[in-house]
Amino acid sequence: MVWLLGRGGLLDKAVKLIDEIPFEPSVMVWRALLGACVIHKDIELGRISAQRVLELEPQDEAAHVLLSNMYATAKIWDNVASVRKNMKRKGVKKEPGLSWIESQGMVHYFTVGDASHPEVRVINGMLEWLCMKTRKTGYIPNYNAVLLDVEDEEKERLLWVHSERLALAFGIIRTASGSPIRIMKNLRICVDCHAAIKCISKVVRREIVVRDINRFHHFQEGLCSCGDYW
């Protein structure tokens, strides 16, 4: 119920429901509320939710990262630094993003900014083409998805080398035209990659399936099965 209320943006009702639970809310309840706060950009309630998660599971990497992401989105860089310092003090390390795709019986792995793949030049060429085409369909980069205090031009460059986009570019090149493209990712897909892949599915007229840590995302004709909530 907390997840459903959060999805609908009814955060006050979600909090009220949690307060009415006759026992100590589980960590999953607080994680659901924290996820809703990230989507709906409620920083204060997100901070409280993350605090509750970390009281129950002090080593929870995702809670630290989501809290840091919220502060970065709001450009509260001192708080971002504070969260990262706290992670370092407790020995909590952010797992590097990794995406992979199968082609002709082989699994190809990509990390953010990965230039090690033997077909990196072709992949980069495809990414440049997709960047140009998605712009024409109305895609606008969400610079808030880059958690670094750098110029917008650099933020856009960094967005286009996220691991899922590298895997997708490879998939478009190496899988049969018209066939579904299936990608796995070990972390939550970022909000900008989600928006970009919706546009890409329309541009290339392919079904694109991304399985991130939370759920399957089925992208087709500019839409995603998750309804933009994950």
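Residues numbered from 1 in each chain as written. Predicted model: local features only at pLDDT ≥ 70, side-chain atom pairs only at ≥ 80, totals over all residues. Heavy atoms only, no water.

Trainee: Lay out the environment of Leu 159 with the relevant residues and their values.
Mentor: One can find Leu 159 in helix H8 (residues 152–159). For Leu 159, a relative accessible area of 0% corresponds to the buried category. Distance from Leu 159 to Ala 145, taken between C-alpha atoms, is 7.8 Å for residues 14 residues apart in sequence. Contacts of Leu 159, omitting those with residues within four sequence positions, involve Pro 141, Asn 142, Ala 145, Val 146, Arg 165, Asp 192 and Cys 193. (Helix = DSSP H or I, 4+ residues; strand = E, 2+ residues; numbered from the N terminus. Buried < 20%, exposed > 50% of the residue type's maximum accessible area, 1.4 Å probe, protein only. Contact = heavy atoms within 4.5 Å.)

Trainee: Which residues make up the packing of aromatic side chains, and what values do they have?
Mentor: Summed over the entire model, instances satisfying the criterion amount to three aromatic pairs. Ring geometry for Phe 110 and Phe 170: centres 5.9 Å apart, planes at 50 degrees, overall tilted. Note that Phe 110 is positioned in strand S2 (residues 106–111) and Phe 170 in helix H9 (residues 163–174), a separation of 60 residues in sequence. Residue Phe 110 shares its accessibility class with Phe 170, and that shared class is buried. Between Tyr 139 and Trp 160 the ring centres are 5.9 Å apart and the planes differ by 90 degrees, which places this aromatic pair in the edge-to-face class. Linking Tyr 139 in the loop between helix H7 (120–136) and H8 with Trp 160 in the loop between H8 and H9, this pair joins segments that are 21 residues apart in sequence. (Phe/Tyr/Trp six-rings, centres within 6.5 Å; stacked < 30°, edge-to-face > 60°.)

Trainee: Go over helix H10 (residues 191–204) with me, naming the residues and quoting the values.
Mentor: An α-helical turn contains 3.6 residues, so a residue and the one three or four places further along point in the same direction. Along its 14 residues, H10 runs 20 Å from first to last C-alpha, staying within 8% of the 20 Å computed at 1.5 Å per residue. Most of H10 sits out of view: 10 of its 14 residues are buried. Along H10, the positions that sit buried rather than exposed are Asp 192, Cys 193, His 194, Ala 196, Ile 197, Lys 198, Cys 199, Ile 200, Ser 201 and Val 204. Next to the buried residues of H10 lie H7, H8, H9, strand S4 (208–211), strand S5 (216–220) and strand S6 (223–224). Arg 205 sits one or two positions beyond H10 and adopts a positive phi of about 55 degrees. (Expected span 1.5 Å × (residues − 1).)

Trainee: Describe the side chain of Lys 185, with residues and values.
Mentor: Here Lys 185 shows up in strand S3 (residues 181–185). Polar contacts involving the side chain of Lys 185 include one to the side chain of Ser 163, which spans 3.3 Å. (Polar contact = N/O pair within 3.5 Å; in protein donor to acceptor, adjacent residues only side chain to side chain.)

Trainee: Explain the side chain of Glu 164 residue by residue, including any values.
Mentor: Of note, Glu 164 is situated in helix H9. Classification of Glu 164 by relative accessible area gives buried; the value is 1%. The residues touching Glu 164, leaving out its near neighbours within four places in the chain, are Ser 99, Ile 183, Lys 185, Ile 189, Cys 190, Cys 193 and Ile 197.

Trainee: Please provide a residue-by-residue account of the sheet that holds S3, values included.
Mentor: Within a sheet, each strand pairs with its neighbour through backbone hydrogen bonds, oriented either parallel or antiparallel. As summarised here, the arrangement of the six strands in space is S2-S1-S3-S4-S5-S6, forming an open sheet in which the pairing is mixed. One side of each edge strand has no neighbouring strand; the edge strands of this open sheet are S2 and S6. Here strand S1 (residues 98–103) runs beside S3; their pairing, made up of two bridges, is antiparallel. Looking at the pairing, Trp 100 lines up with Met 184 of S3. Here H10 sits on the sheet in contact with S4, S5 and S6, set at roughly 40 degrees to S5. (Pairing = 2+ DSSP bridges. Axes fitted to C-alpha atoms, helices over the stretch in contact; angles between N-to-C directions.)

Trainee: Talk me through unusual backbone geometry; I want residue IDs and the actual numbers.
Mentor: Although it is not a glycine, Lys 75 adopts a positive phi angle of roughly 60 degrees. Considering the arrangement of structural elements, one finds Lys 75 in the loop between helix H5 (61–73) and helix H6 (77–90). A residue is classified by how much of its surface remains accessible, and Lys 75, at 48% relative accessible area, is partly exposed. A positive phi angle, near 55 degrees, is found at Gln 104, a position not held by glycine.

Trainee: Account for H6, with residues named and values stated.
Mentor: Between its terminal C-alpha atoms H6 stretches 20 Å, which fits the 20 Å expected from 14 residues at 1.5 Å a residue. Those residues of H6 not exposed but buried are Val 80, Val 83 and Met 87. All buried residues of H6 fall inside an arc of 65 degrees around its axis, so they share one side. Exposed side of H6, more than 90 degrees from the buried face: Asp 78, Lys 85, Lys 88 and Arg 89 are the residues found there. (Arc of directions from axis to C-beta.)

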